[in-house]
Structure formats: structure tokens, C-alpha cells
Amino acid sequence: MYDVVILTLEEPPSGCGGDCGACGHDAEAPRQRTPVLHCADALKQAGARVEAVTAYHDEQIDEVLARFDAPEQADGVRRPDPDTKVRLIVAVTSDSQLRHVVRRMVRRYAPPPSKRPENLPADRTVPDLPALGVLPLAADAGEDLAARLGLARQPAEVARAVLADRVRRLDLLRQDGGSVVIDGVLLGAADQTGRSVPFRGRIEVDDLVLTDGADDVLACAVTVADGYARLDGIDLVATPDPTDGVVEVGIAVPALVKRRFGRDTHRVEVRRARGRAVSIAPRLAAEETLPFVEDGVTGELTRKRSWWIERQAWAVYS
């Protein structure tokens, strides 16, 4: 029977670091949420050994992930054990929390280029990552990645999927800033009225140039799933598939339609491309930045950024 860990991520309380033991936020006695308790009960009734862990710091996440480690080999490369009996369920309130756990997995198991194993697929820089069970804690069904993937949401259903070993492998994006993407990225800003603020930059997908920097770009979507496929009713990318081994990219560009009779009109032109990698080099004046949202996490781009696909590198229990 399996050993199942239910991992919940929490922000450390202000001023204590989460493990001082003096403010009621002892990391060794985490606060349990109701869905976590229900999931644990369902697992125990099925005969699994269950442990609930609340992580306030990356080190605590890493301690959980270390249970997946295979025995150390002569080359010193850390690998996940394909025969492990450990199963991990991540209780999440947002896609960003799930992405964070996957990111820690990549940091743990991605080998340095100088120690690349011979059995690693040519189109991958990471091995097959251990599968994750996803227990959504947010009430907004349909808004998160778990819902769009059709994953179980009820605690008992999540428990059954994990114990049945129903695994679905999914594509992953890595990026040169050191992070990962499990859903998508939307680049661009809006003013106080909600209207898009154009930016310029060179956007390439493999060898195809979507814009060389001369066009105003209203928005750019870089997607591996479908959470960032639409903007204001516009399909930036057509049919993103999280298992097809390609990244989907779409940009919205304002275009002028000249009419022989009557006034000229404006429309939005969408340019799309699919490939293995995408790079975006924004053209920014001093002190300017390009805002973006990546798996629900906001940020600002100040230099060229590249993303590349890791075909079916991570997995979920479905």
C-alpha cells in the first residue's frame, strides 16, 4: 500500500518565519483544512498511510520531495525513483502554488548539462517528474487549471485517482529566468480604463518571426494549456493542447483597414505560431518594463526572455 503525503503551502506568519513555536503557527502542527481532512479520511479508509504536511518555506517542500529520490548513483545525479510507493497530493488555492511545487521538482531533478544522463530524451532537460495529485481548495470551479484539465475536485475522488495510479503526463515550459510554466503567460499592460497599452519587441517562435519589433503589440500569449488563450473575447491561440509537445503563441496587433468609400476602420490582427521554443525581446525605454502574468503570478520583464517546451515532463493523477 502507498504512503501518501498531503502537502499544503502557507505563507509564514509575519515576523516569525513560521516555526518559532511562540505564536500558534508551529510548522510541526499545521492547521488542517476541511478538504484535506476529508481526503486523508478517504485515503485511510482505503488502507493508505497518510501524512499531512504544511510547508512555510521551500526547504520544507524539498524535504517532502526528497521522499521521491532514487538511491544515489555513481554519477551523482539526483533522480526520482520510478518504483516509489510514495504518492503526493498538493492542496492548492491557486495555480501558482501548484506551479511552485513543480518548479521545486525541476530544481531538484534537472541534471546539469555536464552530467546529462544518456537515457534522457533528446527533447528534454528533465526526467519524468513524479505524478502529483491536485486537491483544489478554492471554491471557483472552472477557473483553475485543475478544472480545465478535467481533474477530480472532491477529496474522495482525488484520493481514488491517486490510489488507482491514473496518471496523465503533461507538457511543461521551462524559461531562462529559472522558473517553469504549467499553464501560460500573458504579456502586456492595460490602462486605468482597461484598454490595452501597446508595446513593441521582437517575438520569435523557433525560426518564425511574429514581429520584428516594428509593430505595436496589444497582448502576447505563450501557452502550454489554455488558461491564457483568450483576451477580451479574442482567441489569441486556437486550440492549445497540454500534451502535444509544442508551445502555442499568439499576438494581437492593431491594424488599419482602409476603405475606398467611408471612413477607415481599425481591427485587431492575430498572428499565431506553434513550436518548440519562443523568445521575446521587448524594446523598452529607460525605466520601462513589460508587465506579464505567468500562471497567475505577476511580474515585469526588463530583458529578453525565452521559454522552451519539455514534452510531457510532469504529470497529474486523473
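Quick summary incoming for the structure in this document. Everything quoted here is computed from the prediction, not taken from an experiment.

Overview of the packing of helix 2 (residues 58-65) against helix 3 (residues 95-109)
Right, so step 1: Close contact between helix 2 and helix 3 brings their axes to 10 Å; oriented N to C, the two are set at 65°. Classified by the angle their axes make, helix 2 and helix 3 are roughly perpendicular. The two elements helix 2 and helix 3 cross, and the hand of that crossing is right-handed. Two secondary-structure elements touch here, helix 2 through Asp58, Ile61, Asp62 and Leu65 and helix 3 through His100, Val101, Arg104, Met105, Arg108 and Tyr109.
Right, so step 2: Here the contact of helix 2 with helix 3 is built from residues that sort into five nonpolar, one polar and four charged.

Some thoughts on the pattern of salt bridges
Right, so step 1: Per the stated rule, a full pass over the model turns up 24 salt bridges.
Right, so step 2: The shortest N-O distance in the salt bridge between Asp62 and Arg104 comes to 2.7 Å. Here Asp62, found in helix 2, pairs with Arg104, found in helix 3; they are 42 residues apart in sequence, far enough to count as distant.
Right, so step 3: For Arg87, the salt bridge is made with Asp165, and the minimal N-O distance between the two is 3.0 Å. Note that Arg87 is positioned in strand 3 (residues 86-92) and Asp165 in the loop between helix 5 (155-163) and strand 5 (167-175), a separation of 78 residues in sequence.
Right, so step 4: Exposure remark for Asp165: the relative accessible area of 31% places this residue in the partly exposed category.

Some points on the packing of aromatic side chains
Right, so step 1: What the rule picks out here adds up to zero aromatic pairs.
Right, so step 2: Sitting over the ring of Tyr2, Arg87 keeps its end group 4.0 Å from the ring centre.

A closer look at helix 1 (residues 34-45)
Right, so step 1: Given a rise of 1.5 Å per residue, twelve residues ought to cover 16 Å, and the 17 Å separating the end C-alpha atoms of helix 1 matches this to within 8%.
Right, so step 2: Among all positions of helix 1, only Val36, Cys39, Ala40, Ala42 and Leu43 are buried. Relative to the axis of helix 1, the buried residues are bounded by an arc of 160° and lie together on one face.
Right, so step 3: At the C-terminal side of helix 1, Gly47 shows a positive phi close to 100°.

What to know about the side chain of Ser179
Right, so step 1: Note that Ser179 resides in the loop between strand 5 and strand 6 (180-181).
Right, so step 2: On the basis of relative accessibility, which here comes to 8%, the residue Ser179 falls in the buried class.
Right, so step 3: At a separation of 3.3 Å, a polar atom in the side chain of Ser179 contacts the side chain of Arg99.
Right, so step 4: Setting aside residues up to four positions removed in sequence, Ser179 forms contacts with Arg99, Arg103, Leu173, Arg174 and Glu294.

Re the pairing of strand 4 (residues 132-136)
Right, so step 1: Most of strand 4 sits inside the fold, with five of its five residues counted as buried.
Right, so step 2: Across the two faces of strand 4 the burial is the same, with Leu132, Val134 and Pro136 and Gly133 and Leu135 all buried.
Right, so step 3: Taken together, the five bridges between strand 3 and strand 4 define a ladder with parallel strand orientation. Within strand 4, the position partnered with Ala91 by the bridge is Leu135.
Right, so step 4: Tracing the backbone out of strand 3, into helix 3 and back to the parallel element strand 4 gives a crossover that is right-handed.

Quick word on unusual backbone geometry
Right, so step 1: Phi at Asp165 is positive, roughly 60°, even though this residue is not glycine.
Right, so step 2: Here Asp232, not a glycine, exhibits a phi torsion of approximately 50°, which is positive.
Right, so step 3: The residue Asp232 is located in the loop between strand 13 (230-231) and strand 14 (234-235) in this model.
Right, so step 4: Taking relative accessible area as the criterion, Asp232 reaches 64% and is therefore assigned exposed.

Side note on the nonpolar core
Burial of nonpolar side chains together is a common tendency in soluble globular proteins.
Right, so step 1: In terms of nonpolar packing, the biggest core is built from 35 residues, with Leu7, Leu88, Val102, Leu129, Leu132, Leu172 and Trp314 touching the most fellow members.
Right, so step 2: For this core, the element with the most residues is helix 3, which contributes six residues.
Right, so step 3: Apart from residues lying up to four places away in sequence, Trp314 is in contact with Leu98, Val102, Leu129, Leu145, Arg168, Arg169, Leu170, Asp171, Leu172 and Ile182.
Right, so step 4: Counting 24 residues, the second-largest nonpolar core is a separate cluster that includes Leu210, Val224, Val247 and Trp307.

Regarding the side chain of Arg99
Right, so step 1: Among the structural elements, Arg99 can be located in helix 3.
Right, so step 2: Look at Arg99 and you get buried, because its relative accessible area is 7%.
Right, so step 3: Reaching out from Arg99, the side chain makes a polar contact with the backbone oxygen of Val180 at a distance of 2.8 Å.
Right, so step 4: Apart from the residues within four sequence positions on either side, Arg99 is in contact with Ser179, Val180, Ile182, Glu294, Asp295 and Val297.

The rules behind each value
- In this numbering scheme, every chain counts its residues from 1 along its sequence in written order.
- Where local features are concerned, this predicted model is filtered to residues with pLDDT of at least 70; where side-chain atom pairs are given and counted, the filter is 80 or more; whole-chain, interface and lining totals use all residues.
- Values shown for side chains rest on all heavy atoms present in the structure; no hydrogens or waters enter the calculation.
- Note on method: axes are straight lines fitted to C-alpha atoms, helices fitted across the in-contact stretch only, with angles between N-to-C directions ranging 0 to 180 degrees.
- To qualify as a helix, a DSSP run of H or I must reach at least 4 residues; to qualify as a strand, a run of E must reach at least 2; elements of each kind are numbered from the N terminus.
- Put simply, angles under 35 degrees are roughly parallel, angles over 145 are roughly antiparallel, angles from 65 to 115 are roughly perpendicular, and the rest are oblique.
- Crossing handedness is defined as follows: a turn of the near helix away from the far one that is anticlockwise and smaller than a right angle gives a left-handed crossing, while the clockwise case is right-handed.
- Only heavy atoms enter the contact rule, under which two residues are in contact if any of them lie within 4.5 Å.
- Amino acids are sorted into nonpolar (Ala, Val, Leu, Ile, Met, Phe, Trp, Tyr, Cys and Pro), charged (Asp, Glu, Lys and Arg) and polar (every other residue, Gly among them).
- Note on definitions: salt bridges are taken to be side-chain nitrogens of Lys or Arg within 4 Å of carboxyl oxygens of Asp or Glu.
- The classification of residues rests on relative accessible area computed with a 1.4 Å probe and restricted to protein chains. Under 20% of the type maximum is buried, over 50% is exposed, and intermediate values are partly exposed.
- A pair of aromatic rings is counted whenever rings of Phe, Tyr or Trp (Trp by its six-membered ring) have centres within 6.5 Å, and the orientation is called stacked for planes under 30 degrees apart, edge-to-face for over 60 and tilted otherwise.
- For a lysine, the NZ atom is tested; for an arginine, the CZ atom; a charge sits over a ring if that atom is within 6 Å of the ring centre and within 35 degrees of the ring normal.
- To estimate the expected span of a helix, count its residues, drop one, and scale the result by 1.5 Å.
- By definition, the arc is the one covered by directions from the helix axis to the C-beta atoms.
- Whenever two N or O atoms come within 3.5 Å, that pair is a polar contact, provided that in protein one can donate a hydrogen and the other can accept it, and provided that, for residues adjacent in sequence, both atoms are side-chain atoms.
- By the convention used here, strands pair only if DSSP detects at least 2 bridges between them.
- Consider the strands pointing away from the viewer: the crossover is right-handed when the path from the first strand over the helix to the second runs clockwise.
- For this analysis, a nonpolar core means a set of buried residues of the types Ala, Val, Leu, Ile, Met, Phe, Trp, Tyr and Cys, connected via side-chain atoms within 4.5 Å.

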